[in-house]
Amino acid sequence: MKKITLFLAAFFMLATASLAETQPAVTFNWAHTVDGATSAGDNIIGMVKASGGDYYVATTWGTNSGASQVNLWFDGEQVTGADGAAIVGSPYTGTSQNGNMFLQKVSNAGSIVWNAYTRKGDIAHDKSHIVSTKDGGLLAVLKTRAWVAEAGYDNLVEYVDPTGHVTTIKDMGNVSGEYRYLVLKIAENGSLEWSRLIAGKVEKRKKGFTKDNMSVYGVAVDEDGGIYLTGNFRTEMYLKKTDGTVETLTAKNTTEWDGDSQGVVGDLFLAKLDKDGYFVKSLTAEGIAASAFLDKVVYANGNLYFNGRIKGKAGNELTLGGKAVSVTNDCENILLASVSAADLSVGYVKTITPVGSKKTIHNNGCQWIDGYVYFTGSSMGGLTGLYENSKGQHKGYILKMDPATGEVVKSAIRLDGGIGKFYGVYLNGSTMYAFGYDMTGGALLVPVDAATLSLGTAITLCKYGIVAAGCTPIIDGENMVVANRGRNTATLYGTDYSYTGNKNWAMIYYSYKLAGTSVGIGTTTAESQKGKTDVYTLDGRLVKSAQSYDKAVGGLAQGVHVIGNKKVTIR
């Protein structure tokens, strides 16, 4: 029998202290703030790493008719355009504000390469997205509407590039407040290469016109430039083809919709566009669901992996690409699926039913890391067979999915603190963290055991009043770039940096180096382990599962393994 040596020396015990006692080794790099003057307009669209190594960061700032409430401040200084004058967002008069996009290219050292922005059109930050392209540029998928008479009801977006060149993108009509989607291809120098319009059918219903009839929740791009959109639509959806004709998708679960923009109705969709933004193919469900959404999506190795939410409707069977979708009718179930990017054929569809008195799910992140798919978000209840949550609040979750089977091999939920959420994970070897927030505690970095997904004690990366907005972080080697919203004074972990010049709410994005130091592994001893035992490599890959510890170690190759939460050397 092979000799098993447990690392019990004092120095190793320090390295493998329990997660609850281990603080992440992180080093502050740099930070920036984006701050408009309105009461609620500042937010984040997203951030991505460019193929050339720089970063793209897209935020929004609000404008209205108040004094100085059309301008923007960056790091406390008023932002000026190529002409040296202060940039101005869209005009707006009313009780709300207009959402304007501020797009920046940032070096990995934190210096600003260029700025671009929009000054007409109202951008919905939470359903807009950016994604990098292999030519060094990016796609911006923007949910926008023309709703300000002074700006023109036919002007969906007016984009000002880094040189000051202005492109006005016209709407198909001249009506206030009808949401459209614009897919913008932006070059690495910030110039606009092309735009494509996606529209929905607007019709009169009981509570008004169906002006808000579709939402995109996820965007992915393949190595050939193919574009994939996931979301929900509630009437008809119109996508232009290369020959000038239009593809029409028709929602089935829409007859009961009264036109209220908050109505949870409609059908899920996956749409494939070519590298120039023209329609190629689509995937929708067969049958009628009470609610159906495709949320976050990631592309890897010829396939798309995504999550979603779906609630059944009595008397209706559901299928997706010919695969049965098993759902309950009392709440939205999490949907996990794999689809071929080539022809949108479905590999598998899995569903997980929430449990508890409150069952709401928010899906916020989807990442492909080291051969696995990591989903993140928040859960108000538990998930069958995975975790429990009886706190009655949204809590941040992590799901690790095997892309070959769709099975969730590990899961975690953070029950500490108040209302919380995770936006993504960082994994580099055995070093793993989750980024998210505790609404009253700040933006958090939580150490994670890469093998078991056990969560450690969080540190507060950013204290900034109430923090309740963020996005999936940029992972760049040992560095991670994250963002969150806040107000009052912003302070960051491990540095004397602070920002106090808020006009009201503001966005802050910042970079940390995460040292390649393993967070702790649990201290359960070999003798105390009974029942099923999993064996992992140090980077978190499952080697085998066994019904006992003895069977788990039997036949293992020489080397260091993680067995039942303990580092073990097989000799």
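### Things to note about the packing of aromatic side chains
So, point 1. Taken as a whole, this structure holds 14 aromatic pairs when the rule is applied.
So, point 2. Through successive ring pairs, a cluster of aromatic residues spans F28, Y497, Y510 and Y512.
So, point 3. The ring of W147 carries the charged tip of R145 above its face, separated from the ring centre by 3.8 Å.
So, point 4. Positioned above the aromatic ring of F209 is the side chain of K204, whose terminal nitrogen or guanidinium carbon lies 5.9 Å from the ring centre.

### Some thoughts on the sheet that holds strand β40 (residues 474–476)
So, point 1. Ordered in space as β6-β5-β2-β44-β41-β40, the six strands form an open sheet in which the pairing is antiparallel. Where the open sheet ends on each side, the last strands, each with one partner, are β6 (77–78) and β40.
So, point 2. Pairing of β40 with strand β41 (residues 479–486), which is carried by three bridges, proceeds in the antiparallel orientation. Within β41, the position partnered with D476 by the bridge is N479.

### A closer look at the pairing of strand β8 (residues 112–120)
So, point 1. When strand β7 (residues 98–106) meets β8, the two strands line up antiparallel, connected through five bridges. If you follow V106 over to β8, its bridge partner there is I112.

### Some words on the pairing of strand β4 (residues 55–63)
So, point 1. Burial of β4 is extensive: nine of the nine residues sit out of reach of the surface.
So, point 2. Judged from the six bridges that link them, strand β3 (residues 43–49) and β4 form a sheet pairing that is antiparallel. The residue of β4 that forms the bridge with M47 is V57.
So, point 3. Here β3 folds back onto β4, and the loop between the two strands holds five residues, one of which, G53, carries a positive phi near 110 degrees.
So, point 4. Sheet topology note: the β4/β7 ladder contains nine bridges and is antiparallel. In the sheet register, A58 faces β7, and the bridge partner there is L103.

### Comments concerning the sheet that holds strand β37 (residues 431–438)
The strands making up a sheet associate through backbone hydrogen bonding, with each pair oriented either parallel or antiparallel.
So, point 1. Spatially, the six strands line up as an open sheet ordered β36-β37-β38-β39-β42-β43, and their pairing is antiparallel. Strands at the two margins of the open sheet, each flanked by one partner only, are β36 (420–428) and β43 (498–499).
So, point 2. By the bridge criterion, six bridges tie β37 to strand β38 (residues 442–447) in an arrangement that is antiparallel. Paired with Y433 across the strands is P447, a residue of β38.

### Some thoughts on unusual backbone geometry
So, point 1. One non-glycine residue, D370, lies in the positive phi region at around 50 degrees.
So, point 2. Looking at the element boundaries, D370 is found in the loop between β31 (361–369) and β32 (372–379).
So, point 3. One non-glycine residue, N488, lies in the positive phi region at around 70 degrees.
So, point 4. Structurally, the position occupied by N488 is in the loop between β41 and β42 (490–492).

### Some points on the pattern of salt bridges
So, point 1. Evaluated as defined, the whole model comprises 23 salt bridges.
So, point 2. One salt bridge connects R145 with D122, and the closest N-O pair in it is separated by 2.9 Å. With a gap of 23 residues between them, R145 in strand β11 (residues 138–145) and D122 in strand β9 (residues 122–123) connect regions that are remote in the sequence.
So, point 3. Classification of R145 as buried rests on a relative accessible area of 17%.
So, point 4. With its nearest N and O atoms 3.6 Å apart, the salt bridge here joins K201 to E203.
So, point 5. Among the residues examined, E203 registers a relative accessible area of 22% and is labelled partly exposed.
So, point 6. Taken together, the shared-partner salt bridges connect R119, K120 and E158 into one network.

Analysis parameters
- Residues numbered from 1 in each chain as written.
- Predicted model: local features only at pLDDT ≥ 70, side-chain atom pairs only at ≥ 80, totals over all residues.
- Heavy atoms only, no water.
- Phe/Tyr/Trp six-rings, centres within 6.5 Å; stacked < 30°, edge-to-face > 60°.
- Lys NZ or Arg CZ within 6 Å of the ring centre and 35° of its normal.
- Pairing = 2+ DSSP bridges.
- Helix = DSSP H or I, 4+ residues; strand = E, 2+ residues; numbered from the N terminus.
- Buried < 20%, exposed > 50% of the residue type's maximum accessible area, 1.4 Å probe, protein only.
- Salt bridge = Lys/Arg side-chain N within 4 Å of Asp/Glu carboxyl O.

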